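The chain contents come next:
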Amino acid sequence: MTIKKLLLAAAVALAPLAVGSVAVEGQGRGIEPKELLKPLGEWWTSYSGDYTGRRYSALADINRLTVKNLTLAWVANLNPSPLASGGGRGGGGRGGGGGGANLIVGGPGPGDIVPGSSGIKGTPLLVDGTLYVTMPDNVWAMDARDGRVLWQYYWKTRGGTHIANRGVGMWNGYLYTVTPDNYLVSLDAKTGRERWNKEIADFSQQYFSTTAPLVVDNHVIVGVGNDLDTPGFLQSFNAETGALEWKFYTVPMEPGDPGLDTWENLDAARHGGGMPWLPGVFDPETRLYIFGTGNPIPAYTVGRGEGDNLFTCSLIAVNVDTGKMAWYFQTSPHDMHDWDSAQTPILIDGMVNGRKRKLVSTAARNGYFFTLDRVTGEHVVTSKYGLATNWAKEVDARGSVRRNPVKDPAIPGALVSPTAGGTVNWEPPAYSPQTGLFYVSERNTYSIFYLTDPHPRGSMGLGGKEEIQVGSAGSYLTAIDYRNGKIVWRHRYPIGNGGGGGVLTTAGGLVFAGDAGGNLVAHDARTGKPLWHTRIGQVTNAPITYKVDGRQYLLVATGETLYAFVMY
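These numbers were taken from a predicted model, which means no experiment stands behind them.

K.L.:
Explain the overall build of the protein to me, please; I cannot follow it from the model alone.
P.N.:
Along the protein, the regular secondary structure elements total 2 helices and 37 strands. For the protein, whose C-alpha radius of gyration is 22 Å, the value lies close to the compact-globule estimate of 24 Å for 568 residues. The C-alpha extent of the protein, read off along each of the three principal axes, is 60 × 50 × 45 Å. Counting every position in the protein, which comprises 568 residues, the buried fraction comes to 64%.

Laid out in structure tokens, this is it:
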């Protein structure tokens, strides 16, 4: 589609952008917990679409043959600062003046803090014809047919880091979202009315929350984020009341805790990071919730000993009912480059060496791909998928990747790939059972890391280093065979870093991802060949697809704007 045609279509579709007051049919009915167990179909009911993390839709109306007929259905530009725009009435009340009848305002902040917008970096839900979309401090309910806003919930913040919000969770007729100043908020899905809010982390310790809550039965599973010297933890809250059910620390917190011997001392461990930034996945058969953890802290400087710093940069499986750890696997012991392993993993049922296995795979920020047995945590595959990745010394007997110390930040500098941003960052991958391929964006950039503070514990968090980016070996959309970690195909982006926002794959034999040129691209899932594209600007979230009134839609965001595509 040309830009001219796109803008013309957008101008027609922009008409319904005002906050509306009429609910759509079925809006707010919600979803029962048992429905969350179903594979991804016409609805998109959780962060990854279903519990597997695959982002594989069974919808196939849009396929390799028909994708060329996709055209714009509607465009919606969302306002994340409604009070600054003169809307709403504040004070925690419902309804509002000026900005529209369905603006609901909550939160303890003064109302005059207006952080810069991070855009839409989360995954919308689609339930009963209604989309639920987020940005930091905001949730919108929208008619999925035309992009009309049904209600907007706005949280008056106390401040904090507003880098992203990954989306909402849903349980029956209720929604769950987190705020940058560390509240878990439950909303009535039909009206946007706030049911309750709970503080989930210490704002004074610089925690900030971005994750999309994942709901399992009546458990609302939520992680936290922080870049300073604090411990990471995962929590479960009761979906009805918001009461805390369990709390799992990702680093040792008490004498005798497992993994303490991998730290310099207990104090270092207690301030050691390991943030569970992103939603995990759930295996109903084992009752295991599997998630990734972030880097150790301080990230670049010495002071945490020479040990492995458990359980940072790991995949961890906990029992969803108790929060007790069943197993862990560390992708990069003693990380020295801020390479989180917090990426959402993917559950795969497949054959490895003639044996049927229940597996979990992840492509980590450090440029390595891993497949494990998801029941036991046993290592199956470790492979390098980052074309230029150069920091490792060896893969050890457990399958973990050991660093080469000469690649640590150093006073004269160390040339390293990937950069601190990683081969991939938060952007979710996808997996197709049709092709047996794991799809992920791959960035092969280089930096020189200079150590600027050699004193033990002389720097906090991400301090103590300078990083100068010096080049790139290319950026790709990459397909990996989960059974052996081999690259099946790479599609090289002609400029810059593509794959921004994440990946979607479908039964139509397609993979959707954004490129660095501002295009949303549909690729052949078997070969990576581009089949269709539209230039809408830099894609900022993973595309989703859904079906309403018998019609399959494709939805994606650029900044504060949503684009919905359909075939007529």
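And the narrative resumes.
K.L.:
Help me understand unusual backbone geometry in this model?
P.N.:
Trans is the common state for peptide bonds, and a negative phi is the common state for residues other than glycine. The linkage connecting Ile297 with the following residue, Pro298, adopts the cis geometry, with an omega of 0°. Relative to the helices and strands, Pro298 resides in the loop between β17 (288-292) and β18 (314-319). Residue Pro418 follows Ser417 across a cis peptide bond; omega there is 10°. Positive phi is not limited to glycine here, since Asp128 has a value of about 55°. When you line up the elements, Asp128 lands in the loop between β4 (125-127) and β5 (130-135).

K.L.:
How should I be thinking about the packing of aromatic side chains in this particular structure?
P.N.:
For any pair of aromatic rings, the description consists of the separation of the ring centres together with the inter-plane angle of the planes. As enumerated under the stated definition, the model contains 20 aromatic pairs in all. The interplanar angle of 75° and the centroid separation of 4.9 Å between the aromatic rings of Phe311 and Tyr328 together place this pair among those described as edge-to-face. One end of the pair, Phe311, is in the loop between β17 and β18; the other, Tyr328, is in strand β19 (residues 325-330), and 17 residues separate them in sequence. The buried category is assigned to Phe311, whose relative accessible area is 6%. Pairing Tyr431 with Tyr482 gives two aromatic rings, centres 5.8 Å apart and planes at 90°, and the pair type is edge-to-face. In this pair, Tyr431 sits in strand β27 (residues 430-432) while Tyr482 sits in the loop between β29 (465-481) and β30 (487-492), placing the two residues 51 residues apart along the sequence. Each member of the pair, Tyr431 together with Tyr482, is buried. Grouping aromatic residues by their ring pairs yields a cluster made of Tyr207, Phe233 and Tyr249.

K.L.:
So what exactly am I meant to see when it comes to the nonpolar core here?
P.N.:
For soluble globular proteins, nonpolar side chains are generally found buried alongside one another. Ranked by size, the top nonpolar core spans 87 residues in total, and within it Trp74 and Tyr546 carry the most contacts. Counting 22 residues, the second-largest nonpolar core is a separate cluster that includes Leu288, Tyr368, Trp391 and Phe449.

K.L.:
Would you take a moment to explain the sheet that holds strand β22 (residues 368-373) for this structure?
P.N.:
Strands in a sheet are paired, the pairing made by backbone hydrogen bonds, and the direction either parallel or antiparallel. In space, the 4 strands of this open sheet follow the order β20-β21-β22-β23, with antiparallel pairing throughout. Edge positions in the sheet fall to β20 (346-352) and β23 (379-384), since each of these pairs with one other strand and no more. This sheet shows a mean twist of 30° between the axes of neighbouring strands, independent of strand direction. Bridge count for β22 against β23 is 5 bridges, and the pairing is antiparallel. Residue pairing across strands places Thr371 opposite Val381, the latter belonging to β23.

K.L.:
Got a minute to help me understand the pattern of salt bridges in this structure?
P.N.:
Between side chains of opposite charge, a pair can form when the charged atoms approach closely. Using the criterion set out here, one finds 29 salt bridges in the structure. For the salt bridge of Asp549 with Arg145, the shortest nitrogen-to-oxygen distance reads 2.7 Å. Of the two residues, Asp549 sits in the loop between β35 (544-548) and β36 (551-558) while Arg145 sits in the loop between β6 (138-143) and β7 (149-155), which places them 404 residues apart along the sequence. In this structure Arg145 comes out as partly exposed when scored by relative accessible area, which is 28%. For Glu240, the salt bridge goes to Arg195, with nearest N and O atoms at 2.9 Å. Note that Glu240 is positioned in the loop between β14 (233-238) and β15 (244-249) and Arg195 in strand β11 (residues 194-199), a separation of 45 residues in sequence. According to the relative accessible area criterion, Glu240 is partly exposed, its value standing at 40%. Judged by its relative accessible area of 19%, Arg195 is buried. The network of salt bridges with shared partners includes Asp143, Arg145, Asp146, Arg148 and Asp549.

K.L.:
Looking at this structure, how should I read a nonpolar patch on the surface?
P.N.:
On the surface, a cluster of nonpolar side chains totalling about 240 Å² of accessible area is made up of Leu415, Ile468 and Val470. Counting through the fold element by element, Ile468 comes out in strand β29. Accessibility expressed as a relative area gives 43% for Ile468, which makes it partly exposed.

K.L.:
Which parts of the structure should I look at to understand the pairing of β11?
P.N.:
The two faces of the sheet receive side chains in turn, since in a regular strand these alternate between them. Here 5 bridges tie strand β10 (residues 183-188) to β11, and the two strands are oriented antiparallel to one another. Across the sheet, residue Leu187 finds its bridge partner in β11, namely Glu194. Hairpin connection from β10 to β11: 5 residues lie between these consecutive antiparallel strands, with Gly192 at a positive phi of about 85°.

K.L.:
So what exactly am I meant to see when it comes to the pairing of β18 here?
P.N.:
A large share of β18 lies buried, amounting to 5 of its 6 residues. Pairing geometry for β17 and β18, over 5 bridges, is antiparallel. Residue pairing across strands places Phe291 opposite Ile316, the latter belonging to β18. Counted along the chain from β18 to the antiparallel partner β19, the turn is 5 residues long, and its residue Gly323 has a positive phi close to 80°.

K.L.:
When you look at the sheet that holds strand β13 (residues 219-223) in this model, what are you seeing that I'm missing?
P.N.:
The strand order β12-β13-β14-β15 describes an open sheet built from 4 strands, whose pairing is antiparallel. The sheet is open, and its two borders are formed by β12 (214-216) and β15, each paired with just one other strand. For this sheet the average axis-to-axis angle between neighbouring strands, irrespective of direction, equals 20°. Bridge count between β13 and β14: 5 bridges; the pairing is antiparallel. Looking at β14, one finds that His219 is bridged to Asn238.

K.L.:
Explain the environment of Trp263 to me, please; I cannot follow it from the model alone.
P.N.:
Its place among the elements puts Trp263 in the loop between β15 and α2 (266-270). Between the alpha carbons of Trp263 and Arg304 there is a distance of 5.7 Å; along the sequence they are 41 residues apart. Apart from the residues within four sequence positions on either side, Trp263 is in contact with Val251, Pro252, Ala268, Ala269, Gly272, Pro296, Arg304, Asn309, Leu310 and Thr312. In terms of polar contacts, Trp263 uses its side chain to reach the backbone carbonyl oxygen of Leu310, at 2.7 Å.

Basis of the calculations
- Residues numbered from 1 in each chain as written.
- Predicted model: local features only at pLDDT ≥ 70, side-chain atom pairs only at ≥ 80, totals over all residues.
- Heavy atoms only, no water.
- Helix = DSSP H or I, 4+ residues; strand = E, 2+ residues; numbered from the N terminus.
- Rg over C-alpha atoms; globule rule 2.2 N^0.38 Å.
- Buried < 20%, exposed > 50% of the residue type's maximum accessible area, 1.4 Å probe, protein only.
- Phe/Tyr/Trp six-rings, centres within 6.5 Å; stacked < 30°, edge-to-face > 60°.
- Core = buried A, V, L, I, M, F, W, Y, C linked by side-chain atoms within 4.5 Å.
- Pairing = 2+ DSSP bridges.
- Axes fitted to C-alpha atoms, helices over the stretch in contact; angles between N-to-C directions.
- Salt bridge = Lys/Arg side-chain N within 4 Å of Asp/Glu carboxyl O.
- Patch = residues over 30% accessible without salt bridge, like charges linked within 9 Å, V, L, I, M, F, W, Y side chains within 5 Å.
- Areas by Shrake-Rupley, 256 points an atom, 1.4 Å probe, with all protein chains shown as cover.
- Contact = heavy atoms within 4.5 Å.
- Polar contact = N/O pair within 3.5 Å; in protein donor to acceptor, adjacent residues only side chain to side chain.

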